[in-house]
There are 2 protein chains.
Amino acid sequence: MGRTTSIDSYVQQFVNLDNEELATFSAAFKEIRAQKRQFLIQPNFVARHRFFVLKGALRAYVVDEEGQDRTIQLAIEQWWISDYNSYMFQQPASMFVMAVEDSTLLQISFEDEQRLKSSNYKYETFFRIIAERAAAFMQRRVITNLTKSAEQRYDLFLEKYPAMVNRFPQYVIASYLGMTTEFLSRIRNQKLRFKG
Amino acid sequence: MGRTTSIDSYVQQFVNLDNEELATFSAAFKEIRAQKRQFLIQPNFVARHRFFVLKGALRAYVVDEEGQDRTIQLAIEQWWISDYNSYMFQQPASMFVMAVEDSTLLQISFEDEQRLKSSNYKYETFFRIIAERAAAFMQRRVITNLTKSAEQRYDLFLEKYPAMVNRFPQYVIASYLGMTTEFLSRIRNQKLRFKG
DNA sequence: TAGAAAAGTTGAACTAGTTCAACCATTTTT
DNA sequence: AAAAATGGTTGAACTAGTTCAACTTTTCTA
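If you're wondering where the values come from, they're calculated on a predicted model, not measured in any experiment.

### Digging into the packing of helix H5 (residues 121–147) of chain A against helix H6 (residues 150–160) of chain A
Residue and element names in this part refer to chain A.
So, step 1. Following both chains from N to C, one finds H5 and H6 inclined at 145°, their axes separated by 9 Å at the closest point. On H6, the residues that touch Arg140, Thr144, Asn145 and Thr147 of H5 are Gln152, Arg153, Leu156 and Lys160.
So, step 2. Among the residues forming the contact of H5 with H6, the class breakdown is one nonpolar, four polar and three charged.

### Re the relation of the copies chain B and chain A
So, step 1. Each copy of the sequence occupies a distinct position, and chain B is placed on chain A by a rotation of 180° and an axial shift of 0.0 Å, giving an RMSD of 0.0 Å. Each copy turns onto its partner about a two-fold axis.
So, step 2. The overlap is high: 98% of the interface residues of chain B also sit at the interface in chain A, so the same surface is used on both sides.

### Structural notes on the protein's contact with DNA strand D
So, step 1. Taken together, 17 residues sit near DNA strand D, with Gln170, Ser185, Arg186 and Asn189 of chain A together with Arg186 of chain B positioned nearest.
So, step 2. Sugar and phosphate atoms constitute 71% of the interface atoms of DNA strand D, taking the interface as everything within 4 Å of the protein.
So, step 3. Within the contact set of DNA strand D, a phosphate oxygen lies 2.8 Å away from a side-chain nitrogen or oxygen of Ser185 of chain A.
So, step 4. A distance of 3.1 Å is found between a phosphate oxygen of DNA strand D and a backbone nitrogen or oxygen belonging to Thr180 of chain B.
So, step 5. Top element by residues in the surface near DNA strand D is helix H9 (residues 181–195) of chain A. It accounts for four residues.
So, step 6. Here the residues of the surface near DNA strand D sort into five nonpolar, six polar and six charged.

### Observations regarding the pattern of salt bridges
So, step 1. Applying the stated criterion across every chain, the model contains 28 salt bridges over all chains.
So, step 2. Measuring nitrogen to oxygen at the nearest pair gives 3.3 Å for the salt bridge that ties Arg59 of chain A to Asp69 of chain A. In this pair, Arg59 of chain A sits in strand S4 (residues 58–63) while Asp69 of chain A sits in strand S5 (residues 69–75), placing the two residues 10 residues apart along the sequence.
So, step 3. Of the residues examined, Arg59 of chain A reaches a relative accessible area of 2% and is grouped as buried.
So, step 4. For Asp69 of chain A, a relative accessible area of 30% puts it in the partly exposed group.
So, step 5. Of the charged contacts, one joins Asp112 of chain B and Arg115 of chain B as a salt bridge, the two residues approaching to 2.5 Å between their closest N and O atoms. Here Arg115 of chain B and Asp112 of chain B lie together in helix H4 (residues 110–119), a separation of three residues that amounts to about one turn.
So, step 6. Residue class for Asp112 of chain B comes out partly exposed when judged on its relative accessible area of 27%.

Cut-off values and rules
Residues numbered from 1 in each chain as written. Chains lettered and ligands numbered in written order. Predicted model: local features only at pLDDT ≥ 70, side-chain atom pairs only at ≥ 80, totals over all residues. Heavy atoms only, no water. Axes fitted to C-alpha atoms, helices over the stretch in contact; angles between N-to-C directions. Helix = DSSP H or I, 4+ residues; strand = E, 2+ residues; numbered from the N terminus. Contact = heavy atoms within 4.5 Å. Nonpolar A, V, L, I, M, F, W, Y, C, P; charged D, E, K, R; others polar. Least-squares fit on C-alpha atoms with pLDDT ≥ 70 in both. Near = heavy atom within 4 Å. Polar contact = N/O pair within 3.5 Å; in protein donor to acceptor, adjacent residues only side chain to side chain. Salt bridge = Lys/Arg side-chain N within 4 Å of Asp/Glu carboxyl O. Buried < 20%, exposed > 50% of the residue type's maximum accessible area, 1.4 Å probe, protein only.

Shown next as structure tokens:
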């Protein structure tokens, strides 16, 4: 069977590639499957790839000193996921990246990405743009974490990423938002009581 | 008088530019002075520039609903500063960027940066690399904020940015680290009592 | 160099969010 | 369909960090 979908339309949002350029770009990616609970990246190993989600859901998390999971990134269709500090600098990872659903991914290796970037100006531009967007996204998250209460962070998450809420268990969303699953449970039930 | 220092050696860390390329690159920047307490970016106005610090110290902060300052970014020599969401997407800013010391900066406008990026592959590569580094840096900050206690965040800050500690007032560092100035004061004095 | 402004300290009361433990519900596996 | 595993809820005690207010110290400005 063919691809569930592809990265073509995604890339075209940012740069204009002709058919040949598009083919070369796509060829640098390998389609892989990841079963629910399968790990794609683990601490202490270098993250050799970054992943573009065609289908499915994944999370990146660290385990802190007290043994608690802290979700750093969530990804569903059309999102990228990896341990960026590990991938970009080819250093040992601190994160797990795990499939939360059976997933289909496009995988690119660090070396192939370097090759793409240096082979064609447009590919370089593409990766520049997604890096800029990632930086801006992360800065917004820092701001939210510093300025909003737990309940406000949850409301904002619902508003901005409604498609994600039902794809991840509550404890994953809670840890992404920097609170305990118990506290998020209380926030949700309090809302039901007043609004529903 | 000439430049206090320049951006040349900084750029050369990441890309190899010949003299002409270096000259063109530098020419896109304008050297400006900012006096202590002067604002370079203000909420609701589009951030037209990003700034590279030649000399001095600056902070970027938002004011939250309760009227409290939350420091999002600090910058001293060789750091960049701006409201990236505003600058990258040319949207109204949510931050103030203010000089904490009398400073000398290199300023580049959004349009001139676009021009550089599209005029020479190497400039594109340079901006791609700094965006990747910014994204990785921000992701580390998210991780730290989610996994460490107030005291651990302060210790880590001391360890990683010793040069910054003495350049910013304590309340700025406290708000950068996501705690109150009173609490940081207590952390510091407790350390003195036990260690010094 | 005096006076004002900005920055830092301390105590005491407080609160947002955590922890722990027990229980319930839902999904998965056999 | 039973058993096991995973995920969610609830109450009660707790705590890391906040708030407020008064005070001290340091820095800036005229």
